[in-house]
Each structure stands twice: as structure tokens, then as C-alpha cells.
Amino acid sequence: MHCPRCKSGDTAVIDSRLTEEGRAVRRRRECPGCNHRFTTFERQELSSLIVVKRDGTREPYSRTKLERGIWLSCTKRPITQDQISAMLSRLEEKWGANKKEVSSSTIGTDVMKELKKLDQVAYIRFASVHREFKDVEEFKEELGKLFT
Ligand SMILES: [Zn+2]
């Protein structure tokens, strides 16, 4: 999304909320270059995004479901609803950019990467729940990093 003032191609989402019963997203954006704030109204067809699960079965993408899962990992951590909303908006743009399908492992990996930047404990919780670690040793290694 380009900044309408300075045309910089790199603007940040600072707030995001669903309107029209979830069919559109209203976003507040800020340009890191000139600090210009503006609102976009994006009618993304995310309802048509399909998640391909590990066993090859498919189901419609649900932000609500994913958000609930993320919150389970963020319980009692210093993470705000705004941070989660902005994170999901960024990721949804990526997932829906070129294709109609996204794999559940891509979703898991992307969310993990973002959580890692936000909060290490939430990251470890999410990763363990979603069994993204290849084995127990890898999990222990990540846990170990927290305490060294
Ligand atoms: Zn700008």
C-alpha cells in the first residue's frame, strides 16, 4: 500500500477492523517515511481463501478461529488486541496476495515468526501447540534459548 503523500511503498497497519459483517477491512495506516496517517477500505475476498490442511483436506479460512488459537498462546502476556489485529492483517495480505489457497503449515510458520518478534513465551506456546517443532530436541533447544 503506497503512501498517498510521499508515495513510499512501505506503510504500516496501525489499526484494523472488520466492517460489513466481516466482508471488508477498514485499516488505519501510517507511513514511516513522512508519518502521514490515512485510512483504507479494503474489500478483500478473504472469505474465499481456502486452507489446505496437513492431511490434504480443505476448509475456508477463519480469522476468528486463528485469532482464538493465537490468544490461547498469549494468555497473561503483554500483548494487545491491536498487535494481534495488525499481525493478522499483515499476514492475511500475504496469504491472499497471489493465490486462493494457503497451507495450514504456512499459516503456522508465519504466525510463529511474527509471535517470535512480539513475545518469546507466546511463541514457544504457539509452536508447541501446533507441533511445528520437528522433534523433542528441537523444542528443548528453543526452550533453552529462553533461559540463557
Ligand atoms: Zn509518506
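Okay, so let's go over this structure. (Residues numbered from 1 in each chain as written. Predicted model: local features only at pLDDT ≥ 70, side-chain atom pairs only at ≥ 80, totals over all residues. Heavy atoms only, no water.)

1. Let's talk about the sheet that holds strand 5 (residues 58–60)
Pairing is mixed in the open sheet, where 3 strands are placed in the order 5-4-6. With partners counted over all chains shown, the strands left at the sheet margins are strand 5 and strand 6 (101–103), one partner each. For this sheet the average axis-to-axis angle between neighbouring strands, irrespective of direction, equals 30°. In terms of strand pairing, strand 4 (residues 50–52) meets strand 5 through 3 bridges, oriented antiparallel. (Pairing = 2+ DSSP bridges. Helix = DSSP H or I, 4+ residues; strand = E, 2+ residues; numbered from the N terminus. Axes fitted to C-alpha atoms, helices over the stretch in contact; angles between N-to-C directions.)

2. A look at the pattern of salt bridges
Taken as a whole and assessed by the stated rule, the structure comprises 13 salt bridges. Here Arg27 makes a salt bridge to Glu93, at a shortest N to O gap of 3.2 Å. A residue pair is termed long-range when its members are at least 10 positions apart, and Arg27 in strand 2 (residues 24–30) and Glu93 in helix 2 (residues 81–96) qualify at 66 residues. You can call Arg27 buried: its relative accessible area is 0%. Its salt-bridge partner being Glu30, residue Arg37 comes within 3.0 Å of it at the nearest N-O pair. Judged by relative accessible area, which is 47%, Arg37 ranks as partly exposed. (Salt bridge = Lys/Arg side-chain N within 4 Å of Asp/Glu carboxyl O. Buried < 20%, exposed > 50% of the residue type's maximum accessible area, 1.4 Å probe, protein only.)

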